[in-house]
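Residue strings, one per chain:
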Amino acid sequence: MIVIGFNWPIEHDNAVAVIQDGELIFATEEERFTRHKHSVLEPPLNALKQAFKFLKKRGIKPKDVDAYATNYDYSLYRLRYRYFKYNQDFHILETKGILENSNLYSLMKEFIRADILELARKLVRKAIIDIGEEVPSEIKIYPVRHHLAHAASAYYFSGYSSATVLTLDGVGEYEASVIWKVKNSEFEPVLSMLASYGSLGYLYENITRRISLGGLEGPGKAMGLAPYGKVSNYYKKLKEFVKITPEGDEPFYISDKEIVRIKHGPKMVLIYTKIAEKLSGNLKWDPKGEMNQDAANIAWAVQKVTEEAVLATAQWAKKHTGEDKVALAGGVALNAKANMELYYARIFNDMFIFPAANDAGGPIGAAAYVYEHILGGKMKRQRLRSVYLGPEYDDDTIKKAVQDSKFKAEYIGEDVNAVADLVAKGYIITWYQGRAELGPRALGNRSIVADPTRKEYWRLVNDIKGREWWRPLAPSLLDEDKDVYFKDPVSHEFMILMLRYKDEEACKRVPVTCHVDLTARPQTVTRDQNKTWYDLIKAFKDIKGEGLIMNTSFNLAGEPLVETPQEAIRSFAVKGFDAMYMQGWLIYKR
C-alpha cells in the first residue's frame, strides 16, 4: 500500500512524504523548489510532482496510490476560520493557475461548505496533470489532527513499542503542547494544553521578532545568540509570565495574572505579543553588527525559560505516563539546546527526536497514521537512521551540470582523499552528493566543509554564507570518536541534539565548531549511514589527527539547502568557496 502525505491547509514548511509498505521512501520540502525558505503560503505543488516522478521511476502510477493524508483536521476549526482558510487557499491556488479548469458551479458548492479538502484534491490533480499522468477517478484524502501527526512522526520512527511522546509547537488546530502515552500504535493524549496559555513556540517566535531575528528563522538564531547573554532582569521579567509547575495539574503555563483558556480567535495569541513588547521595549539592533548585550540577554532569558518548561513537561509526563522512553516532535523540538538539557537530565532512559520536527515532518506522521489506522496496514516501526529522502539525480545529470559550468573539474569517484587534503590545506569546500536531506540540517549530502582547527574560519565561513558572525558552526565526526570530544555522548545522526564538549582542551582542538558555552550540535557518522561522507572525515583524521570536520548547510543566507546540481554550482560560483565535490567530481575555482 502507498500513502502520500502533504501539508494542508497551506501554512509554512510545506512538504510531501511517501509511505510504501510501512516504510518512508521519499520526502522533500517545497522550499527546495521555490527557493523561498519555509515556503510560507506556498502549496506543495512542486514537492508533489517530485513525489509522483519518484514513484514513476519505480513503475508506480498515481492510480496506485491508496490514500493521501494531511497534517491538519480542518473539522476542528470553527466555521468562521474554515471560511477564512478556504478563501485564503482558494486565492493562492487561483493565482498559481491550479483552478483554471474548475467548474464555477462546483466551486460555489465547495465555498458554501468551506470544503478545504476539495481544494487539496485540485492540488493533487494539478500535480498529476503537470507530469503527464492520468488522474484517477477518486482521490481519497484523510485529514489528521495536527499534534497527532507530529506524535505519529515521533513514535513510528523511534523504534519504540511504547513511549511517552511530547509534541510542542506554536499551535495546531488549537493545541500547542500535548503529552501522549503510546503503546502498540495506540495514541492516548494524557494532557493537551491550548495555545492560549501553553505555546512555547509562540512565546519564542514573538520574542525573537522583537529583537530583529525574525519569526520562523528567529528561534534557531536566538538559540545561538543566547550563550552570549546572562541572567538579567529580562529573565526575571519573563518569569513573571511563565510559571513552571511540574508538580501541578499542568507542567507550565503562560499568562498575565489569569490563564486564558480559549480555542479560537485573536485573543488566543495576544499574551505572546504582549510579553514580547513588555520584555524588549523599543530595542533596535542590527544582528550583523556589533553584539548587543540586551538582545543577547533577552535571547538567554527565553532560551532558559524554554529549557525549564521542556524539563518540567518531561518530568510531568514521566510521572503521569510511567514510560521510560520519550520521543519528541513539533517545532519546539528543533531546539537542540533544550533537547540537550533533557538528555543530560536523564529523566528518561532513552530519547528520540524526529529530525524534521517542524511542520515539514507533519505529512510523514499523517501518512504513517493513515497507513495503520485508516488503511489497516502495519508500519515497520524501525528507528530512523537516514533522512536522505529527496529526489534523485543520476550520474549523467551531474556530469552535464559539471561540464556546463565551465569550471576545471576532474572525476575522482568515491576516493575522497584529495578532498580531505584540500580541507586540511585550508580550502573551504562545498559538498554535494545523492539525495538531499529532509529537515533543516545538512548531514553530508548538501554541506559546506572546512578545517575545524583554524579558529579564524568561524567568522570566515559565516561571512561567506552571509550569516551573522556570532552564529555557531556544527561538527560532523566519526561515531567512534564521539567520546574523544564530548561529555557522555550518544550517537546522533541528525544534528538536533546538542552535546557538551568534555573540557576546554577538547574545544581548543576544534575551535571552529565549539560555541562560547562549550557546546556543539554534532552529527555522528558511521560508514553504513553515508560511506563517502565517513571516508572524507576519516581521511581528514589521517592527515590532521582530528576525526571531526566543520559542516554547515550548503546554502546562502536566506535560502534553503541547495537541491539541484545547477543550484549547487550557482551557489558555489557566486561566493568565496574554493572547490566543490559533486557526486564523484572535484571542481576547482582556483
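Everything here concerns the structure above.
Our subject in this report is the structure included herewith.

Parameters and conventions
- Residues numbered from 1 in each chain as written.
- Predicted model: local features only at pLDDT ≥ 70, side-chain atom pairs only at ≥ 80, totals over all residues.
- Heavy atoms only, no water.
- Helix = DSSP H or I, 4+ residues; strand = E, 2+ residues; numbered from the N terminus.
- Rg over C-alpha atoms; globule rule 2.2 N^0.38 Å.
- Buried < 20%, exposed > 50% of the residue type's maximum accessible area, 1.4 Å probe, protein only.
- Contact = heavy atoms within 4.5 Å.
- Expected span 1.5 Å × (residues − 1).
- Phe/Tyr/Trp six-rings, centres within 6.5 Å; stacked < 30°, edge-to-face > 60°.
- Lys NZ or Arg CZ within 6 Å of the ring centre and 35° of its normal.
- Polar contact = N/O pair within 3.5 Å; in protein donor to acceptor, adjacent residues only side chain to side chain.
- Disulfide = S-S within 2.5 Å.
- Pairing = 2+ DSSP bridges.
- Axes fitted to C-alpha atoms, helices over the stretch in contact; angles between N-to-C directions.
- Parallel < 35°, antiparallel > 145°, perpendicular 65-115°, else oblique.

**Notes on the overall build of the chain**
And step 1. A tally of regular secondary structure across the chain gives 21 helices and 22 strands.
And step 2. Radius of gyration (C-alpha) of the chain: 23 Å, near the 25 Å computed for a compact globule of 590 residues.
And step 3. Scored against the burial criterion, the 590 residues of the chain give a buried share of 64%.
And step 4. For the chain, the share of sequence-separated contacts (at least 6 apart) that also reach a separation of at least 24 residues comes to 72%.

**Here we look at helix α20 (residues 531–544)**
And step 1. Here α20 spans 20 Å end to end across 14 residues, near enough to the 20 Å set by a 1.5 Å rise per residue.
And step 2. Burial in α20 covers these residues: Thr532, Trp533, Tyr534, Asp535, Leu536, Ile537, Ala539 and Phe540.
And step 3. Looking one or two places after α20, you find Gly545, whose phi comes out positive at around 85°.

**A look at the packing of aromatic side chains**
And step 1. The tally for this structure, following the rule as stated, stands at 23 aromatic pairs.
And step 2. On the basis of an interplanar angle of 65° and a centroid distance of 5.8 Å, the ring pair of Phe187 and Tyr369 is categorised as edge-to-face. A residue pair is termed long-range when its members are at least 10 positions apart, and Phe187 in strand β8 (residues 186–194) and Tyr369 in helix α14 (residues 362–374) qualify at 182 residues. The same class applies to Phe187 and to Tyr369, which are both buried.
And step 3. Directly above the ring of Tyr197 sits Arg261, whose terminal nitrogen or CZ lies 4.6 Å from the centroid.

**Structural notes on the side chain of Gln523**
And step 1. Inspection of the secondary structure assignment puts Gln523 in strand β19 (residues 523–525).
And step 2. Taking relative accessible area as the criterion, Gln523 reaches 2% and is therefore assigned buried.
And step 3. Side chain to side chain, Gln523 and Trp533 meet in a polar contact 3.1 Å long.
And step 4. Ignoring any residue separated from it by four or fewer positions in sequence, one finds Gln523 in contact with Tyr388, Leu443, Pro475, Ser476, Leu477, His492, Glu493, Met495, Trp533 and Asn551.

**Notes on the state of the cysteines**
And step 1. On inspection of all chains with the given rule, the structure shows one disulfide.
And step 2. Residue Cys507 pairs covalently with Cys514 via a disulfide, S to S 1.8 Å. Of note, the bridge from Cys507 to Cys514 carries an S-S torsion of about 70° and is right-handed in sense.
And step 3. Take Cys514: its relative accessible area is 8%, and that puts it in the buried class.

**Some details on the sheet that holds strand β4 (residues 67–70)**
And step 1. Sheet architecture is open: five strands sit in the order β3-β2-β1-β4-β5, paired in mixed fashion. On the outer flanks of this sheet lie β3 (23–29) and β5 (141–143), each paired with one strand and no other. Across the sheet, the mean angle from the axis of one strand to that of its neighbour is 20°, orientation sign disregarded.
And step 2. Strands β1 (2–6), β2 (15–20), β3 and β4 of the sheet are contacted by helix α2 (residues 45–57), whose axis makes an angle of about 140° with β3.
And step 3. Sitting on the sheet, helix α5 (residues 116–130) is in contact with β1, β4 and β5, with an inclination near 135° to β5.

**Considerations on the packing of helix α8 (residues 200–210) against helix α12 (residues 293–321)**
And step 1. Two elements in contact, α8 and α12, have axes whose closest approach is 10 Å; the angle formed by their N-to-C orientations is 175°. The angle between α8 and α12 places the two elements in the roughly antiparallel class. When α8 is examined against α12, the residues Leu200, Leu203, Tyr204 and Ile207 are found in contact with a partner set consisting of Ile298, Val302, Gln303, Val305, Thr306, Ala309 and Val310.

**Details of unusual backbone geometry**
When glycine is set aside, most residues are seen to have a negative phi, and most peptide bonds are trans.
And step 1. Here the residue pair Trp8 and Pro9 is connected by a cis peptide bond, since its omega of -5° sits within 30 degrees of zero.
And step 2. The residue Pro9 is located in the loop between β1 and β2 in this model.
And step 3. A positive phi angle, close to 70°, is found at Ser212, a residue other than glycine.
And step 4. Look at Ser212 and you get partly exposed, because its relative accessible area is 36%.

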